[in-house]
Amino acid sequence: MASRIHRTLLLAVFLCGLQSLCGRVAQADEMQEVFFEKRVRPILVEHCQACHGSKKQEAALRLDSASALKKGGDSGAVVVPGDPENSPLIHAVRYAEATRMPPKGKLPDASIQILTTWVKQGAYWPADPVGNPIEQKPDWQEVTRKHWAFQPVPEVPVPEFKKPEWVKDSIDAFIRVRLNAAKIEPNPPADRRTLIRRATFDLHGLPPTPAEVAAFEADSSDDAFATVVNRLLDSPRYGERWARHWLDVARYSDTRGYVRLRDNPNYHFAWTYRDYVIRAFNEDLPYDQFILQQLAADQLPHDDDPRSLAAMGFLTLGQRFINSQHDIIDDRIDVVSRGLLGLSVACARCHDHKFDPIPTRDYYGLHGIFSSSLEPFDLPVIATQPELTRYLDYIRELQQRTAQYQQFLETHRQKFELSFRNRIAEYLLAGQKEEVQANFLAVMFLVDLTKDLNPVTTQRWARLLEQTRKHHHPVLAPWNGLAALATTAGDEFATQAQELIATWQRSPQADRPMNPLVLQKLKESSLKNLEDVARGYGELFQQADEKWQAALKADSSVKELEGKDWEELRQLLYGPQAPSVVALDEIDEFFFVDASMQNQFHEQQRKIEDWLASANAAPHAHVLVDSRKPRDSHIFLRGNASNPGPAAARQFLAALSRESQRPFETGSGRLELARAITDRNNPLTARVFVNRIWMHHFGAGLVRTPSDFGLRGEPPTHPELLDHLARQFMDEGWSLKKLHRHVMLSSTYQQSSAEKPAAVRIQDPENRLLSRMSRRRLDWESLRDSLLAVSGEIDLTMGGRSVTITTQPYSRRRSVYGFVDRQNLPGIFRTFDFATPETSNPQRHQTTVPQQALFLLNSPFLKQQTLHLAVLPELTSIEPLDQRIDAVHRRLFGRPAQPTEIELATRFLTAQPDTKPEVNPANPSQYLTPWEEYLQALLLSNEFAFVD
Amino acid sequence: MGFGLVGLEALAGKALAAEGVAANPLAPKQPHFAPRAQRVVHLFMNGGPSAVDSFDEKPALTKYHGRTLPTSQRTERKTGTAMKSPFRFRNYGNSGLSISDMFPHVAQHADDLCVIRSMYADVPNHEPSFMLMNCGDARQARPSLGSWVTYGLGTENQNLPGFIAMCPGGFPTMAGQNWRSAFLPGAYQGTHINTQHTQPEQLIEHLKNDFLRPGRQSEQLALLRELNARHLEQRTGDALLEARIQSFELAYRMQSEATDAFDLSREPADIRAMYGNSVYGQQLLMTRRLLERGVRFIQVWHRAGQPWDAHDAIEANHRGLAGECDQPIAALLADLKQRGMLDSTLVIWGGEFGRTPTVEIPTPGVSSQGLGRDHNHYGFSMWLAGGGVKGGYAHGATDELGWNAVENRVHVHDLHATILHLLGFDHEQLTYRFAGRDFRLTDVHGHVVHDVLA
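The structure displayed is predicted, hence computed values, not measured ones. (Residues numbered from 1 in each chain as written. Chains lettered and ligands numbered in written order. Predicted model: local features only at pLDDT ≥ 70, side-chain atom pairs only at ≥ 80, totals over all residues.)

Caption draft 1: View of the overall build of chain A. If you tally the helices and strands in chain A, you get 43 helices and six strands. The dimensions of chain A, computed from C-alpha atoms along their principal axes, are 110 × 80 × 60 Å. By residue count, 47% of the 948 residues in chain A fall in the buried class. Taking contacts inside chain A between residues at least 6 apart in sequence as the whole, the part at least 24 apart equals 65%. (Helix = DSSP H or I, 4+ residues; strand = E, 2+ residues; numbered from the N terminus. Buried ≥ 20, exposed ≤ 12 C-beta atoms within 10 Å, placed from the backbone. Contact = placed C-beta atoms within 7 Å.)

Right, dumping it as structure tokens:
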């Protein structure tokens, strides 16, 4: 994707000559759109549309679409494009005449100026091809109805094509039709050496061995290439390569990102997810199953092999935002929506999605699913039955430490609750003064130690009071009434308070009942200020608690207090709304803000943490399980958790549900969500995945915004082909390996990468029509693995804990097993465009910077691989020199050396004064010999780093 | 083409690709309008220096010293009564800016300083405040200011990294996240340099080769050039191949150029004396050498962690730290000026927030000498110098006691908008499309503070 700056710049620089007029028009339009979207629309949304929008139309005026603006209101048009001085809207916002808008208060001058400029410049309002998505439901249905990606995947007839010998797979027919229409010839097939190199890098991320190349060249059978592809697909190297592509999408990391000082940043068992993904690819686990397991393995049968539980690392291994729950949930919504559906639902956290039909209620529908899914403290062991016996001691000790910890928590939970109930008067008062905070992060940073109250509890009281100010509560309504008195202390307060209480008692309102016990208690108390009121409440709650304890003593099965009024009070002590109730799964929040308890708490945690991190630990899975009481989330207005709106049912996205959107019924709804995503009728899942696979084979997707299939994404270059592939993929059991075969056995894939004639390059500069194979550069993993492979050093051990690959002594394992530190990703990873593990990654960047060359020129890693390559017996044994040079070319590039290349090498080698190794005086290591210098140069060459 | 540059090539077509520009994300670029500053130094006082002790004089604190203030603010820890500043303030320069004796050398440049006394941030805690100050968002993974700037402007010297983050002896709090590129290409991420070291090869990864005989690398590169030329013969016009060939030439030059840039022994003795011999002084001398060579954005951290976080004994802490950086900062300003570079170099000084005017009450069980100040994000000071800002000027004000920014308040987003403006960008238009959205440094916030512009 280009950014605005790129575009603007390029338009200015490059289009001037070519299509200057067109360029300028485009630019002007774009500038106007930017101005409108960034400056004007926000003002209209924030200040006007509440009364002049889809919900209300004061004066029959709507200010939420181009057509509505044009139409105007009761008194006609409110905007005269180009003429702010004669536009009623401008008069209104200037407060110049009788009609003053917005009525609540004049807009800041800057905003008025923006609106004036906007009208002056013609009141530009972008015409949306499919209606205005910012409007509510009706137009969204329209959007959904028309946008290509939301259409069911149709059955597409394969185009007829006259030269059937070119059509090896249906893919070719779709490609060739477009090429013919553009009058472009495809390239001839690549030669066999190129083909096997391409295929091996594609499927394994490694170069083919000389023997493999020779075997393929010698195979004269018709299905020789199919044999190669099958061999590659059957090798475990395949899963290691393709798992890494998926790990980019899954924003895989071995660490949580930034954590507080005492927390351990590592996910000790992230690798079990990585190994799961590798296995899934190797075993060709159907993609729908793959998704189901990643979202809800806990709810699927897994017999005696619990390893699939590790699949849920897809959800759990994201960044932790210092434990801010809403951000963690947001990250999970994002990885699911962009990763699996190619939709950025996370945009709808604060407002309805600007461009796609994703209302905030859809976001909070998903939010409810994930907030109803918890990470259990004790992660399940996922060893298979036979392996389990190895871990018995480990598990026994773990259970012991866990039990101790649970005991610790339970003891303190009770202490917390007791203290919270006994000090209710203080909390009530503190909660009254406390501002409701948007999230826990803010609470924990706003510790008020002036009193030794627990800020989390204070915050809960603040929240409860805020809610009860909005929604009448019989027990707390008197409090809220008295807290709202204009006078805050003294005799006057006492008088006003008693008057108010008397009024409540005298004339009760049926729809706003007041708890008579509270009123009576307050009436009897001397109330000189709010503190006195709090004290009264405190005493009453104390009585209720005593009654409850007595009732329990008499009958431990008692469910509620006798008498509705007492029960109302008890509910605030023990009921679901009670701020004093501490659940075990949220107790760490209470600990964290309690300076006196923090250390003990962390020490307890560390005992378990250390054991999990110990070398003999059994593999665990980072799972989610449904909470016991799943519940819907409330929409947070403008993304602010302290500003809850209506509840949003836990259900699938409206845009993808068509007429059938209905709330999920089982547990959190996670499994139902997974089933909705993998439903054959879901228009996106198969398309998005097939497109990702295509992208990894061809360097660019059919849709070039692989995680954005929404309205702002790019449309597919070959829509019918995409649909064909998606449909076929589902029909063939969501089998990835079958898909690879279709792609790789096509003529399209097997074309050479030779450059096209100039005319074609101008006509199709990005090779969107695929008249040649795109040349590709090895990514970080393939480059490193290839260096290890050709040097003979590679260690093909599979699985297990992650290893450090960037510091000496260098691990010889494949790069996919390298430790990924989200917080401090090694510089070399970034230098080579590794996918950032901070969020789900659609596609890697591809940059060329000198730091890449420095690594290759100077790093000890390169030196080591060069030296290993130089002493390989299969090379050193070869004499004379020209044959050895030839063997090196075959090993590195999969082809023999040309005579001129042998000549070049010989020239380089014989030009040297002395070939004896020398010692660098400043460094104990040896200098390279000319032969080694030569080998390193080959490893640095473009031919090594690119695949034709 | 790689993600992120697709559209670029799409529009430019082969004309651009053939020049190899497409593959070099750091090629110099023009901003939206004529810039006032071309490069940036951000002197990050990590931990949060106290404004009421340095650049925001509050006589009222002396008046109320030892008394409980009528108004208070919620902060991270418990604070008590007002505490007067242990530092003495004086007026400096023609402008008469009031600065404390914490920064006697910097004070000599009062007429070049634009002190913003009405800064405010969102929360009184280091981690989110570091993120807000550097990346414009307290929690989400967003690119840093330096990354946005190098993305927007590229860099002048391809033989050096465009964005450098210097920190002696380790990482500041939040480590590499402070200079991350997030969803921007990795090339825009800050290159971290541990300035505890002085040898260039310790400063930049893989800068030096220690396994080829002296003089041999150029021979090897000549060979590589020939190999690549042969390879390119059958593949003419592939910009990526050409760019990679180019990158080896650049790398080769970077080895000597970077070595030269970081070699402080090449500076004359008087200049070295001017910066002083401390680690901080060396950092700033290195900074000047790098700026001179066209590095776009340099962030200088005081030390690992958050040294300015003076919860107790603030006088000793601040005097000590200021003692380390005061002279070097003054030297940098003077040196840039004498080279005619100050006008085009924006120098930013400040922490992630400031400190309370009240004394922090020690936490029970934690040893403390007392007389410290807690975090204060409600109002604090930063200063800018050079690069198109008004010198000898104090913008905005906190209340009588230095608790809250009250007059001409400047949020961190506003500061960002202003910095980008000085560099020639409309902060609302320096955007990058990711995850279906056009992201920008200031998100949906930020107003350029026009009053600070010269």
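Caption draft 2: Quick look at the overall build of chain B. Along the backbone of chain B there are twelve helices and 18 strands. When its C-alpha atoms are laid out on the principal axes, chain B stretches across 85 × 50 × 50 Å. The buried share among the 454 residues of chain B stands at 63%.

Caption draft 3: Molecular detail of the packing of helix 30 (residues 685-698) of chain A against helix 31 (residues 719-731) of chain A. Residue and element names in this part refer to chain A. At a closest axis distance of 9 Å, the pairing of helix 30 and helix 31 adopts a crossing angle of 105°. Judged by the inter-axis angle, helix 30 sits roughly perpendicular to helix 31. In this structure, helix 30 uses Ala686, Arg687, Val690 and Asn691 to contact helix 31, whose residues at the interface are Leu722, Leu725, Ala726, Phe729 and Met730. Looking at the contact of helix 30 with helix 31 residue by residue, the classes come out as seven nonpolar, one polar and one charged. (Axes fitted to C-alpha atoms, helices over the stretch in contact; angles between N-to-C directions. Parallel < 35°, antiparallel > 145°, perpendicular 65-115°, else oblique. Nonpolar A, V, L, I, M, F, W, Y, C, P; charged D, E, K, R; others polar.)

Caption draft 4: Local environment of the pairing of strand 9 (residues 345-350) of chain B. Residue and element names in this part refer to chain B. Burial analysis of strand 9 places six of its six residues in the buried class, the great majority of the element. Side chains Thr345, Val347 and Trp349 of strand 9 all project onto a buried face; the interleaved residues Leu346, Ile348 and Gly350 project onto the opposite face, where all are buried too. As paired elements, strand 1 (residues 39-44) and strand 9 share six bridges and run parallel to each other. Note on strand 9: the bridge partner recorded for arginine 39 is threonine 345. Two strands pair when backbone bridges link them, and strand 9 and strand 12 (residues 380-386) are joined in this way by four bridges, in the antiparallel orientation. What sits directly across from tryptophan 349, in strand 12, is tryptophan 383. (Pairing = 2+ DSSP bridges.)

Caption draft 5: Representation of the sheet that holds strand 10 (residues 354-360) of chain B within the structure. All names here are of chain B. Reading across from one edge, 2-10-11 is the order of the three strands in this open sheet, with antiparallel pairing throughout. Both outer strands of the open sheet, strand 2 (79-82) and strand 11 (373-376), are each paired with one neighbouring strand and no more. Within this sheet the neighbouring strands show an average axis-to-axis angle of 60°, counted without direction. Across two bridges, the pairing between strand 2 and strand 10 is antiparallel. Looking across to strand 10, one finds that threonine 79 is bridged to glutamate 360.

Caption draft 6: View of the confidence of the model for chain B. Here chain B averages 89 in pLDDT, and 93% of its residues register 70 or above. Across the predicted assembly, pTM comes out at 0.79 and ipTM at 0.77. (pLDDT = per-residue confidence, 0-100.)

Caption draft 7: The environment of A:Lys168, seen in detail. Counting through the fold element by element, A:Lys168 comes out in the loop between helix 5 (137-146) and helix 6 (170-181). Here the alpha-carbon distance between A:Lys168 and A:Thr117, two residues 51 residues apart in the chain, equals 59 Å.

Caption draft 8: Highlighting the pairing of strand 17 (residues 431-434) of chain B. All names here are of chain B. Side chains Thr431 and Arg433 of strand 17 all project onto a buried face; the interleaved residues Tyr432 and Phe434 project onto the opposite face, where all are buried too. In this sheet, strand 18 (residues 437-440) lies alongside strand 17 in antiparallel orientation, the contact comprising four bridges. Within strand 18, the position partnered with arginine 433 by the bridge is aspartate 438. Between strand 17 and strand 18, which pair antiparallel one after the other, the connecting turn spans two residues, and alanine 435 there sits at a positive phi close to 50°.

Caption draft 9: Spotlight on the nonpolar core. In terms of nonpolar packing, the biggest core is built from 299 residues, with A:Val690, B:Cys114 and B:Trp383 touching the most fellow members. Residues from two domains meet in this core; each of domain 2 (252-382 + 628-678) and domain 4 (780-831 + 848-947) of chain A gives at least three. A:Trp479, A:Ala497, A:Leu527 and A:Phe592 belong to the second-largest nonpolar core, a separate cluster that totals 43 residues. (Core = buried A, V, L, I, M, F, W, Y, C linked by C-beta atoms within 7 Å. Domains from an automatic or database assignment.)

Caption draft 10: Region of interest: the packing of helix 18 (residues 424-433) of chain A against helix 20 (residues 455-470) of chain A. Residues and elements named next belong to chain A. Orientation of helix 18 relative to helix 20, taken along the N-to-C sense of each, is 70°, at an axis distance of 7 Å. The angle between helix 18 and helix 20 places the two elements in the roughly perpendicular class. By crossing handedness, the relation of helix 18 to helix 20 is classed as right-handed. Here Tyr427, Leu428, Ala430, Gly431 and Gln432 of helix 18 come into contact with helix 20, specifically with Thr457, Thr458, Trp461, Ala462 and Leu465. A breakdown of the residues in the contact of helix 18 with helix 20 according to their chemical character gives six nonpolar, four polar and no charged. (Left-handed = near helix turned anticlockwise from the far one by under 90°.)

Caption draft 11: A look at the environment of A:Gly82. Residues and elements named next belong to chain A. Checked against the element boundaries, glycine 82 lands in the loop between helix 2 (66-71) and helix 3 (88-93). In this structure the C-alpha to C-alpha distance between glycine 82 and glutamate 781, which are 699 residues apart in sequence, comes to 57 Å. Beyond its immediate sequence surroundings of up to four residues, glycine 82 is in contact with Lys120 and Gly122.

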